[in-house]
Each structure stands twice: as structure tokens, then as C-alpha cells.
Amino acid sequence: AQRVTQPEKLLSVFKGAPVELKCNYSYSGSPELFWYVQYSRQRLQLLLRHISRESIKGFTADLNKGETSFHLKKPFAQEEDSAMYYCALVIPDKLIFGTGTRLQVFP
Amino acid sequence: DVKVTQSSRYLVKRTGEKVFLECVQDMDHENMFWYRQDPGLGLRLIYFSYDVKMKEKGDIPEGYSVSREKKERFSLILESASTNQTSMYLCASSSRRDHSFGSGTRLTVV
């Protein structure tokens, strides 16, 4: 069955600390994954996609097919990174979302 | 930049009312989606549409229906609203794989 798991509902760190938001997936096909972010009172927006292998706002995510993971990482968290983060798996023309992780970055 | 507009930011409706949530996109996208967003449950797909007059059930279609008479507009209908449909509703559109989302409609059923 297709599934996306984000095991942490809440992750709290201090400014400047490293951040890793976990995402694991279950999919029999070739996976394509995204990270979406929702800042307070803003719409959900795409943060990054594994295909482009880009770094957005200092965040990176590497697809590990062996561990079926797509963890989101940032070496030094900033207060403005506080938001809700969703991992999403592409199945043909649809997305399956995880339950989300709320990141709180304290000053 | 794709703009997805949801007609209402907040709605309060009574139990048993028929409720219409409207969504319009301006980028000629083929695919449109309705999700509900609940704490601890993430985004769950209610219905989606690949083309005008086409609709497909998502993971939680019970109690909902949709209408897509024009390519740019996708409506979500609650035939008889119930308190367990109190939620944030998100509309999205896409032409490839990633979605562009609306600002959401927070619906409260009392």
C-alpha cells in the first residue's frame, strides 16, 4: 500500500541547531517525493522536490531508496523556519501526504 | 505564478445545510483537487478531477460531492453538513505533479 509516514508531530529546536524532519514512504513503483511547507496563516507551498536535488532556504532532502526515506535537513535552523512541514509522495497524478511535522524554532 | 482562489476564508453553517465551497484557478490546469486538513491527520484527499465533467473519489468522499462544469472551477458540495465535517478545506490544481494550493476555507458546522 502507498503510504507516507512522518513520525514526529512536533519538533522543537533552538535557533542555530541542526534540524532533521523525518519522512518514510511505502511505494512499489519508482518514488517521486516532495516537501511542502505551510507558514502561519499562509497557503501550503512547495518547498522542494527530490528530482531537482536543489536547496531551498538552506533545506535539503535526499531520497534514500534503501531506507525508503526522504528526510528534510537544515544545518542551522532559523526562527522563520517555524512552520508545518508535509512530506508527499507522487502516485500517478495524485499526491499522498504524511500527517505533517510542526517545527518550532526558539530564539 | 499559479493563483488558486477559494471563495471564502471562513464559513459557519448549521447542521443539515447544503454547503458549497468554490475554487477557481487561473492557469488552465487540467487537474484539480479537494483536501481536508485536520491536526494529526495531515491532508486527506476528498475528490479530484482530471478534466471538465470528470471526477474521481479520493480517500474520504463520503458526505461530499463535486462539480466541475468549467475547467477553471471546481466546487465541493456538502449535501447535508454535519459537525464532523468541521475542518479546513484546501483546493489545489496541477498540470504536472506538484500542486498549487488555495488559502483554504475554514468551515465550522454548528
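Predicted, not measured: the structure shown is a model, and the values here were computed from it.

Peer 1: Would you mind going over the overall build of chain B in detail, with residue names and values included?
Peer 2: A count of helices and strands for chain B gives zero helices and twelve strands. When the helices and strands of chain B are listed from N to C terminus, the series reads β-β-β-β-β-β-β-β-β-β-β-β. At 13 Å, chain B has a C-alpha radius of gyration in line with the 13 Å of a compact globule built from 110 residues. Across its three principal directions, the C-alpha atoms of chain B cover 35 × 25 × 25 Å. The buried share of chain B, taken over its 110 residues, is 49%.

Peer 1: Quick rundown of the interface of chain B and chain A? Include the residues and the values.
Peer 2: Facing the 19 residues of chain B at the interface are 18 residues of chain A. For the pair chain B and chain A, the summed buried area comes to about 1,700 Å², and 51% of that belongs to carbon and sulfur atoms. Between chain B and chain A we count zero salt bridges in total. Counting across the chain B and chain A interface gives six residue pairs in polar contact (both at pLDDT 80 or more). Elements with a minimum of two residues in the side of chain B that touches chain A: strand E5 (31-38) and strand E6 (42-49) of chain B. Here the residues of the side of chain B that touches chain A are counted per class, giving ten nonpolar, seven polar and two charged.

Peer 1: Can you tell me about the sheet that holds strand E3 (residues 19-21) of chain A, naming the residues and giving the values?
Peer 2: All names here are of chain A. If you walk across this open sheet you meet the three strands as E3-E8-E7, and the pairing is antiparallel. A single partner strand is all that each edge strand has here, and the edge strands are E3 and strand E7 (60-61). Relative to strand E8 (residues 72-74), E3 runs antiparallel, the two sharing three bridges. Looking at E8, one finds that valine 19 is bridged to lysine 74.

Peer 1: Let's hear about the side chain of serine 49 of chain B: which residues, and what values?
Peer 2: Residue and element names in this part refer to chain B. Checked against the element boundaries, serine 49 lands in strand E6. Within the local environment of serine 49, its side chain forms a polar contact with the backbone oxygen of aspartate 51, the two atoms lying 2.9 Å apart. At 3.1 Å, the side chain of serine 49 forms a polar contact with the side chain of arginine 68. Discounting residues that sit within four places of it in the chain, serine 49 has contacts with Glu30, Asn31, Met32, Met54, Lys55, Arg68 and Phe74.

What counts and what doesn't
Residues numbered from 1 in each chain as written. Chains lettered and ligands numbered in written order. Predicted model: local features only at pLDDT ≥ 70, side-chain atom pairs only at ≥ 80, totals over all residues. Heavy atoms only, no water. Helix = DSSP H or I, 4+ residues; strand = E, 2+ residues; numbered from the N terminus. Rg over C-alpha atoms; globule rule 2.2 N^0.38 Å. Buried < 20%, exposed > 50% of the residue type's maximum accessible area, 1.4 Å probe, protein only. Contact = heavy atoms within 4.5 Å. Buried area = accessible area lost by both parts, 1.4 Å probe. Salt bridge = Lys/Arg side-chain N within 4 Å of Asp/Glu carboxyl O. Polar contact = N/O pair within 3.5 Å; in protein donor to acceptor, adjacent residues only side chain to side chain. Nonpolar A, V, L, I, M, F, W, Y, C, P; charged D, E, K, R; others polar. Pairing = 2+ DSSP bridges.

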